[in-house]
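Next come the chains, spelled out residue by residue.
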Amino acid sequence: MAETEIISNSDKNEQFFEGVEKLIEIWFTPVQHADLRKITRQQWENVLKIVRCEIISFTQSDQVDAYVLSESSMFVSRRRWILKTCGRTTPLRCVRAVLALAYETAGHTRVQNVFYSRREFARPEAQLKPHDNFDSEVELLDSFFGDGRAYIMGPEKDCWYLYTLLPLEGTVDALEKEQREVTDREVPEPDQTIEILMSELDPTVMDIFTRANSADSAQATKASGIDQIIPGMVIDDYLFDPCGYSMNGVAKDGYYMTIHITPERSCSYVSFESNVPVERYDRVLRAVLAAFRPAKFILTIFHTPDAPGTEPLPELKAYHSLSGFEQKEAQHCRFSGYELHYALYNKFPS
Ligand SMILES: C[S@+](CC[C@H](N)C(=O)[O-])C[C@H]1O[C@@H](n2cnc3c(N)ncnc32)[C@H](O)[C@@H]1O
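Counting of residues starts from 1 at the beginning of each chain's written sequence and follows it residue by residue. Whole-chain, interface and lining totals are the exception, using all residues; otherwise, since this is a predicted model, local features are given only for residues with pLDDT of at least 70 and side-chain atom pairs are given and counted only at 80 or more.

As recorded by an unreviewed UniProt entry, the protein chain carries the name S-adenosylmethionine decarboxylase proenzyme and is attributed to Pieris brassicae. UniProt's Sequence similarities (unreviewed entry) comment on the protein chain is quoted here verbatim: "Belongs to the eukaryotic AdoMetDC family." Taken verbatim from the UniProt record of the protein chain, the Catalytic activity (unreviewed entry) comment is "S-adenosyl-L-methionine + H(+) = S-adenosyl 3-(methylsulfanyl)propylamine + CO2". UniProt positions are given in the numbering used here, feature names are shortened, and annotations may be inferred rather than shown by experiment.

Structural data, given as structure tokens:
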């Protein structure tokens, strides 16, 4: 198992763990017979050493290989690679190695899109380079991908950072033109992803994700209702010792969900992510909030215009008060080929 990255807080004699993840998603332009799943487990293990984490469990569906890591998750499909890691991991340091494997082992020739995102860390100063500030992350990403675009959404302390190659709609440049030419030749692939990044969670719920209260991961999954959030997923879950929980769920057609839980009282954090093609997110959102009871959360929704979930904008506007939460901030961006919604919610004082 990788180093736990636990930093002790001598004032309160509590342990601090940075649950906030860095999330990188790279899409390669389709090429016949190219497939990232040709990359072997040993090759991924070498890549993850650079990131400072390791594989602890594996499951797969027809279209996606899902790895539970010592610090969160990795999903590998034909042309999409997702790496989500928390703690003091260094995911951007492995991008060069992944691009080399994608070209040499998987047969890909070109990167189509990149999305790198994270919310503000609880302790940015504890991160290792380049993750100690967003400018350094952007500089490194630009060194791989050329001239990307960086966005910061929301208020300073609860902000959410995004780097992507996609220009804002209406921006005319070579990249956008190339993007259009590529998509014209392709079969459309609707895509949508929801992330709910929760903090200050109900301690009674967090207690479920400790070895003292749950005999194993399956018990924690059931007791918390995680198995009911998106029914029909094949679940691969892991309960850390003495506490902490990670799960990946996979279903047919490449759909996945992933949940990671840091239950320590002083730094409790839970992330939920899924690309399931629901038309509206009401049910999933309410199920996640009911299961974890956060005091605040950031919601992000990405979708292509042809995805079933094309209604999140009115939905977000309608969610000024959502199951006892107040929307503090909401922003919407239209990129070429994607729409993005960011919103920040606080629990109403009881
Ligand atoms: C890997 S998990 C999930 C983190 C996730 N990003 C989240 O959303 O909170 C982290 C939790 O597991 C605990 N943990 C216990 N042993 C660990 C280990 N060897 N590596 C990483 N985390 C460990 C941490 O203290 C923390 O509560």
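Let us keep going from here.
Caption draft 1: Main features of the overall build of the protein chain. The secondary structure listing takes helices from DSSP runs of H or I that are at least 4 residues long and strands from runs of E that are at least 2 residues long, numbered from the N terminus. When helices and strands are tallied, the protein chain shows nine helices and 19 strands. Burial is judged by counting the other C-beta atoms within 10 Å of a residue's own C-beta: 20 or more makes it buried, 12 or fewer makes it exposed, and any count in between marks it as partly exposed, with every C-beta position built from the backbone. Burial statistics for the protein chain: of 350 residues in total, 44% are counted as buried. Here contacts are defined at the residue level, using C-beta atoms placed from the backbone and a cut-off of 7 Å between them. Taking the intrachain contacts of the protein chain between residues at least 6 apart in sequence as the baseline, contacts between residues at least 24 apart amount to 66%.

Caption draft 2: Representation of the environment of Q63 in the model. With respect to the helices and strands, Q63 occurs in the loop between strand 4 (55–60) and strand 5 (64–69). Remark: the alpha-carbon pair of Q63 and R37, spanning 26 residues in sequence, is separated by 9.3 Å. Leaving out residues up to four positions away in the same chain, Q63 has contacts with S77, D253 and G254.

Caption draft 3: Fine view of the pairing of strand 19 (residues 338–347). For strand 19, the tally of buried residues reaches eight of ten residues, placing the bulk of the element in the interior. When DSSP locates at least two bridges between a pair of strands, those strands are taken to pair. In the sheet, strand 16 (residues 294–303) pairs with strand 19 via eight bridges, with the strands oriented antiparallel. Looking at strand 19, one finds that I301 is bridged to H341. Pairing of strand 18 (residues 325–335) with strand 19 involves ten bridges; the strand directions are antiparallel. Its bridge partner being in strand 19, E329 is matched across the sheet by L344. Here strand 18 folds back onto strand 19 in antiparallel fashion, the turn holding two residues, of which G337 has a positive phi close to 95°.

Caption draft 4: Geometry of the nonpolar core. Judged by nonpolar contacts, the single largest core of 89 residues is most densely connected at I196, M198, F209, V270, V288 and F292. Looking at this core element by element, the count peaks at six residues for strand 19. Note on terminology: a nonpolar core is a set of buried residues of type Ala, Val, Leu, Ile, Met, Phe, Trp, Tyr or Cys, with members joined through C-beta atoms within 7 Å.

Caption draft 5: Representation of the site of the ligand within the structure. Taken together, 24 residues surround the ligand, and among them G19, C86, G244, H260 and T262 come closest. Elements represented by at least two residues in the shell around the ligand include exactly strand 14 (256–262) and strand 15 (269–274). Polar here means any residue other than Ala, Val, Leu, Ile, Met, Phe, Trp, Tyr, Cys and Pro, which are nonpolar, and Asp, Glu, Lys and Arg, which are charged; Gly is therefore polar. Classifying every residue of the shell around the ligand by side-chain character gives eleven nonpolar, ten polar and three charged. Nearness is defined per residue: the C-beta atom, placed using the backbone, must lie within 6 Å of the molecule or strand.

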